[in-house]
Amino acid sequence: MNETPRDHRPAKSIRVLLAEDQGMARGALALLLGMEPDIEVVAQVSAGDAIVDTALTYRADVALLDIELPVLSGLDAAAELRDQVPDCRVLILTTHGRPGHLRRAMAAGAAGFLVKDGPVAELAVAIRRVLTGETVIDPALAAAALGTGPNPLTARECDVLNASGDGATAADIAGKLHLSESAVRDHLSSAIGKTGTRNGLEALREARQQGWL
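Quick notes on the rules
Residues numbered from 1 in each chain as written. Predicted model: local features only at pLDDT ≥ 70, side-chain atom pairs only at ≥ 80, totals over all residues. Heavy atoms only, no water. Axes fitted to C-alpha atoms, helices over the stretch in contact; angles between N-to-C directions. Helix = DSSP H or I, 4+ residues; strand = E, 2+ residues; numbered from the N terminus. Parallel < 35°, antiparallel > 145°, perpendicular 65-115°, else oblique. Left-handed = near helix turned anticlockwise from the far one by under 90°. Contact = heavy atoms within 4.5 Å. Nonpolar A, V, L, I, M, F, W, Y, C, P; charged D, E, K, R; others polar. Expected span 1.5 Å × (residues − 1). Buried < 20%, exposed > 50% of the residue type's maximum accessible area, 1.4 Å probe, protein only. Arc of directions from axis to C-beta. Pairing = 2+ DSSP bridges. pLDDT = per-residue confidence, 0-100. Polar contact = N/O pair within 3.5 Å; in protein donor to acceptor, adjacent residues only side chain to side chain. Salt bridge = Lys/Arg side-chain N within 4 Å of Asp/Glu carboxyl O. 1 Å grid on protein atoms, 1.4 Å probe; cavity = no way out; pocket = protein on both sides within 12 Å on 5 of 7 lines; lining within 4 Å. Points joined across faces, edges and corners; volume = space filled by probe spheres on them.

Chemist: Is there a simple way to think about the packing of helix α7 (residues 155-163) against helix α8 (residues 170-177) in this case?
Modeler: Two packed helices can be described by the angle between their axes and the distance between those axes. Direction vectors running N to C along α7 and α8 enclose 125°, while the axes themselves pass 9 Å from each other. Classified by the interaxial angle, the pair formed by α7 and α8 is oblique. Here α7 runs over α8; the crossing is right-handed. Here R156, D159, V160 and A163 of α7 come into contact with α8, specifically with I173, K176 and L177. Considered class by class, the residues forming the contact of α7 with α8 number four nonpolar, no polar and three charged.

Chemist: Would you mind showing me how to read helix α1 (residues 23-34) here?
Modeler: Quick reminder: α-helices carry 3.6 residues per turn. Residues three or four places apart thus point the same way. Helix length check: α1, at 12 residues, gives a terminal C-alpha distance of 16 Å against a target of 16 Å (1.5 Å per residue), a fit within 8%. Among all positions in α1, only R26, L29, A30 and L33 are buried. Projected onto a plane normal to the axis of α1, the buried residues spread over an arc of 100° and lie on a single side. Opposite the buried face of α1, by more than 90 degrees, sit the exposed residues M24 and L31. Its buried side turned inward, α1 meets β1 (14-19), β2 (39-45), β3 (62-65), β4 (89-94) and α5 (120-131).

Chemist: Would you explain the sheet that holds β1 in this entry?
Modeler: In sheet architecture, strand pairing relies on hydrogen bonds along the backbone and comes in two forms, parallel and antiparallel. As summarised here, the arrangement of the six strands in space is β2-β1-β3-β4-β5-β6, forming an open sheet in which the pairing is parallel. Strands at the two margins of the open sheet, each flanked by one partner only, are β2 and β6 (136-137). Here β3 runs beside β4; their pairing, made up of four bridges, is parallel. The partner of A63 across the bridge, within β4, is V90. The strands touched by α1 are β1, β2, β3 and β4; relative to β2, the strand with the most contacts, the crossing angle is about 165°. Against the sheet, helix α4 (residues 99-107) contacts β4, β5 (112-115) and β6, and its axis sits at roughly 150° relative to β5.

Chemist: Which parts of the structure should I look at to understand the confidence of the model for the protein?
Modeler: Atom-level detail of predicted coordinates should not be read off regions where pLDDT is low. Looking at the protein as a whole, its pLDDT mean stands at 85, while 90% of the residues score no less than 70. Note that residues 1-10 has pLDDT below 50 and, in this model, eight contacts with residues that lie over four places away or in other chains.

Chemist: Got a minute to help me understand the side chain of T197 in this structure?
Modeler: One can find T197 in the loop between α9 (181-195) and α10 (200-210). A residue is classified by how much of its surface remains accessible, and T197, at 18% relative accessible area, is buried. There is a polar contact of 3.4 Å between the side chain of T197 and the backbone nitrogen of A203. Contact partners of T197, with chain neighbours within four places excluded, come to I192, E202, A203 and E206.

Chemist: Can you help me understand the pattern of salt bridges in this one?
Modeler: Charged atoms that come close allow side chains of opposite charge to pair. Counting across every chain of the model gives nine salt bridges. Here E202 ties to R198 by a salt bridge, and the two come within 2.5 Å at their closest N and O atoms. For E202, a relative accessible area of 17% puts it in the buried group. In this structure R198 comes out as exposed when scored by relative accessible area, which is 71%.

Chemist: Just to check I follow, could you spell out empty space enclosed by the protein for this structure?
Modeler: Over the atoms rolls a probe the size of a water molecule, and in doing so it shows where empty space is left. Evaluated as defined, the whole model comprises one cavity of 30 Å³ or more. Of the pockets and cavities examined, the largest cavity occupies roughly 30 Å³. Along the walls of the largest cavity sit L18, A19, E20, L29, L64, L65, D66, L93 and K116, which together make up its complete lining. Secondary-structure elements contributing two or more residues to the lining of the largest cavity are β1 and β3. Residue composition of the lining of the largest cavity, by class: six nonpolar, no polar and three charged.

Chemist: Teacher, can you tell me more about the packing of α7 against α9 here?
Modeler: For the pair α7 and α9, the least separation of the axes is 9 Å and the interaxial angle reads 100°. By the angle class used here, α7 and α9 are roughly perpendicular. Where α7 abuts α9, its residues R156, E157, V160 and L161 lie against V184, H187, L188, S190, A191 and K194. Partitioning the contact of α7 with α9 into residue classes produces five nonpolar, two polar and three charged.

Okay, here's the thing in structure tokens:
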């Protein structure tokens, strides 16, 4: 008499790639999702630059991505998946739900955006829904996004702000971005004005808080 395997799954499980830089959180989430009868976490990565190759190798159906990842953010990785692995649906899962991040995620082709404080059962439902072509967005975040305007910063202003952290000087930023120092100062001044802050450090902090970077 043959025994039914304890981990019995349907012939076609949903193959999930999980990208999360915190090992304990990643392992716990993988364990909980693995208890769903139709979901299989086929791969786990801790850095954003490993996502595309891993999705291709393990033929992931859904990529569950944190935003704050080393090397490459989950939002940038989502855009790469859209271009290189179009059959893989992307769900962004983040601790801090910000309207700016939601807008960027949708622009990158993500099929869903959820915050981490929800139950795993809801996440499992979202995984199934995005696989059928639906878009799943946290309702509170969707409402907040409707009440805010688009990112006022230009792409170059975002680049300059990102490069301005850790006490970087105008000369440091100019060398990194291949700009003149005067251009760097102009972009920083514009970003400071648009964010309503007093200096580059405050502008960087505000832009990150809004999810523009």
